[in-house]
Amino acid sequence: MITQKNEKKQATILEIVRMSTEDGPGIRTTVFFKGCTLNCAWCHNPESISIKKQLQWVGSRCIGCKTCLEVCKQNALAFTETGLLIDRSQCTGCGDCAAECPGTALELMGKIWSLDDLVEEVIKDRAYFKTSDGGITISGGEPTMQAGFAGAFLKSLRQKGLHTALDTCGQCNRDALDQTLPYAAMVLFDMKLIDPDAHKRFTGHDNKRILDNLLYVANYIRSHVYPSALWIRTPIIPNATATPENINGIGQFIAKNLSDVVDRWELCAFNNLCRDKYLRLDQKWVFHESELLTKEEMDVLTETAKSSGVDRKIVFPTGSTRMESSETEEKQEIQQKVGGSNVDFCFCRPKLT
Ligand code: SF4
Ligand code: SF4
């Protein structure tokens, strides 16, 4: 019988996203844990980095009633010319202001979930897991930061016959992996930068522990029935990870150490949809002005990956690319015809075979 060490009954969860096609095979429900062990400069979910609950203000929804100022016992809120100012050193994350805000302009990010409630919530989606060969993915943030709960959650889902995936950045201790791996049908593992100095510069840590853990996961897969699959994911970030040297270096590492266990290597194109998230958290984002990569740039990096020594068939580019002027004209033409304004063109995720 499998025993669960340090089983925790509660965790701080940022969000539950349903109908995801981005986080493993089939259609999935992804549970985003709050709190991360890395601090990537390009992070697309800045609200997931801190494990604490955080308040955000969406100015476009605010009706200026100032109820929040009256409700806050900490005096953490004030209105200025530029909008609502949150004194984050005073805010305790109690959520009273968000609960009373008539415009839903205030949102508290991070909610404590009990194990039983979270399991009950995600198994509601059983119907589409079944029809699509999908399941549940735990992501973040970094889910192994709350490993006791994460392992117990995966274990419970496994006992119900559901497919589970652990999405990890790999910056965790061995014990956290031991608590989660036995209950994950597959692992999605990030490899961002092969150069340790660059890794430290962009994420706050070098990649030694991450690469060691990746080799540990690979050995675990070789010697256990569960997990049975490993996907590597590389975010393709302009002026950071999006260089042929980096992609070639990661490819060589996979080819040398992991060729027998890696089923898929995804190159995930940068997007800038998270700009507003940084603004709402009063944070600056160094990639604020960065544009999406062009299709040609992604094609070059995809070909670099395919030529790095790995099996060419495991390399998949995902995400959106920047439209060039001719494409933009074409898009405008389509938008005029369909009356829409925000049509975008993406790579389609190829179906797993
Ligand atoms: S309570 Fe909500 S709507 Fe009213 S001022 Fe505060 S943020 Fe704006
Ligand atoms: S979450 Fe609580 S402490 Fe923070 S601003 Fe709102 S009412 Fe004040």
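Residues numbered from 1 in each chain as written. Chains lettered and ligands numbered in written order. Predicted model: local features only at pLDDT ≥ 70, side-chain atom pairs only at ≥ 80, totals over all residues.

Draft legend 1. View of the overall build of the chain. A tally of helices and strands in the chain yields twelve helices and 13 strands. Out of the 353 residues belonging to the chain, those deemed buried represent 41%. Long-range contacts, defined here as pairs at least 24 residues apart, represent 74% of the contacts in the chain between residues at least 6 apart. (Helix = DSSP H or I, 4+ residues; strand = E, 2+ residues; numbered from the N terminus. Buried ≥ 20, exposed ≤ 12 C-beta atoms within 10 Å, placed from the backbone. Contact = placed C-beta atoms within 7 Å.)

Draft legend 2. Molecular detail of the pairing of strand 13 (residues 315–318). Here strand 13 shows a buried face lined by V315 and P317 and an unburied face lined by F316 and T318. Pairing geometry for strand 12 (residues 262–269) and strand 13, over four bridges, is parallel. Each residue of the ladder has a partner; that of E266, found in strand 13, is F316. (Pairing = 2+ DSSP bridges.)

Draft legend 3. Up close: the site of ligand 2. For ligand 2, the set of nearby residues contains 13 residues, the closest of which are C72, A76, C91, C94 and C97. Of the residues contributing to the shell around ligand 2, the split by class is eight nonpolar, four polar and one charged. (Near = placed C-beta within 6 Å. Nonpolar A, V, L, I, M, F, W, Y, C, P; charged D, E, K, R; others polar.)

Draft legend 4. Fine view of helix 7 (residues 196–203). Residues of helix 7 that are buried include every one of H199, F202 and T203, and no others. Around the axis of helix 7, the buried residues are gathered within 80° of arc, so they sit on the same side. Directly after helix 7, the chain includes G204, whose backbone phi takes a positive value near 95°. (Arc of directions from axis to C-beta.)

Draft legend 5. Local environment of the site of ligand 1. Near ligand 1, the surroundings consist of 13 residues, among which C62, C65, C68, C101 and G103 are the closest. Here the shell around ligand 1 is built from residues that sort into nine nonpolar, three polar and one charged.

Draft legend 6. Molecular detail of helix 9 (residues 244–257). Compared with the 20 Å implied by 1.5 Å per residue over 14 residues, the 20 Å span of helix 9 between its first and last C-alpha is a close match. Among the residues making up helix 9, those that are buried are N246, I247, I250, G251, F253 and I254. Taken down its axis, helix 9 places every buried residue within 155° of arc, on the same side. In helix 9, those exposed residues whose orientation departs by more than 90 degrees from the buried face are E245 and K256. For helix 9, the elements touching its buried residues are strand 11 (229–236), strand 12 and helix 11 (295–306). (Expected span 1.5 Å × (residues − 1).)

Draft legend 7. Region of interest: the sheet that holds strand 7 (residues 111–114). The sheet built from nine strands is open, its strands ordered 7-1-2-8-9-10-11-12-13 with mixed pairing. Looking at the sheet topology across the chains shown, the edges are occupied by strand 7 and strand 13. Ignoring strand direction, the axes of neighbouring strands in this sheet form an average angle of 30°. (Axes fitted to C-alpha atoms, helices over the stretch in contact; angles between N-to-C directions.)

Draft legend 8. Representation of the nonpolar core within the structure. The biggest cluster of nonpolar side chains holds 76 residues, and the ones touching the most others in it are F33, A184, V217, L230 and I236. With seven residues, the single largest contributor to this core is helix 5 (residues 147–159). When residues no more than four places from it in sequence are discounted, the contact partners of L230 are M186, V187, F189, V217, A218, I221, V261, V262 and D263. With 13 residues, the next largest nonpolar core counts L77, L84, C97 and A98 among its residues. (Core = buried A, V, L, I, M, F, W, Y, C linked by C-beta atoms within 7 Å.)

Draft legend 9. How the structure looks around the packing of helix 3 (residues 115–122) against helix 5. Remark: helix 3 packs on helix 5, axes separated minimally by 10 Å, with the N-to-C direction vectors making an angle of 45°. What the angle tells us is that helix 3 and helix 5 run oblique. For the element pair helix 3 and helix 5, the recorded crossing hand is right-handed. Residues L115, L118 and V119 of helix 3 lie in contact with helix 5, whose contacting residues are F149, A152, F153, S156 and L157. The residue inventory of the contact of helix 3 with helix 5, partitioned by class, reads seven nonpolar, one polar and no charged. (Parallel < 35°, antiparallel > 145°, perpendicular 65-115°, else oblique. Left-handed = near helix turned anticlockwise from the far one by under 90°.)

Draft legend 10. Quick look at unusual backbone geometry. In the segment running from G140 into G141, the intervening peptide bond is cis, with an omega of 10°. Here Y226 and P227 are connected by a cis peptide whose omega angle stands at 0°. Its location among the elements puts P227 in the loop between helix 8 (208–223) and strand 11. Of note in this structure, N75 is not a glycine but carries a positive phi near 50°. Checked against the element boundaries, N75 lands in the loop between helix 1 (67–71) and strand 4 (77–80). For T104, which is not glycine, the phi torsion reads 50° and is therefore positive. Within the secondary structure layout, T104 lies in the loop between helix 2 (96–100) and strand 6 (106–109).

Draft legend 11. A look at the packing of helix 9 against helix 11. At a minimum axis distance of 8 Å, the contact between helix 9 and helix 11 shows a crossing angle of 30°. Overall, the two elements helix 9 and helix 11 adopt an arrangement that is roughly parallel. Crossing geometry of helix 9 relative to helix 11 is assigned as right-handed. Contacts between helix 9 and helix 11 involve P244, I247, N248 and G251 from the first element and L301, T304 and A305 from the second. When its residues are assigned to classes, the contact of helix 9 with helix 11 shows four nonpolar, three polar and no charged.

Note that every value here comes from positions in space, so none of it alone points to a role or purpose.
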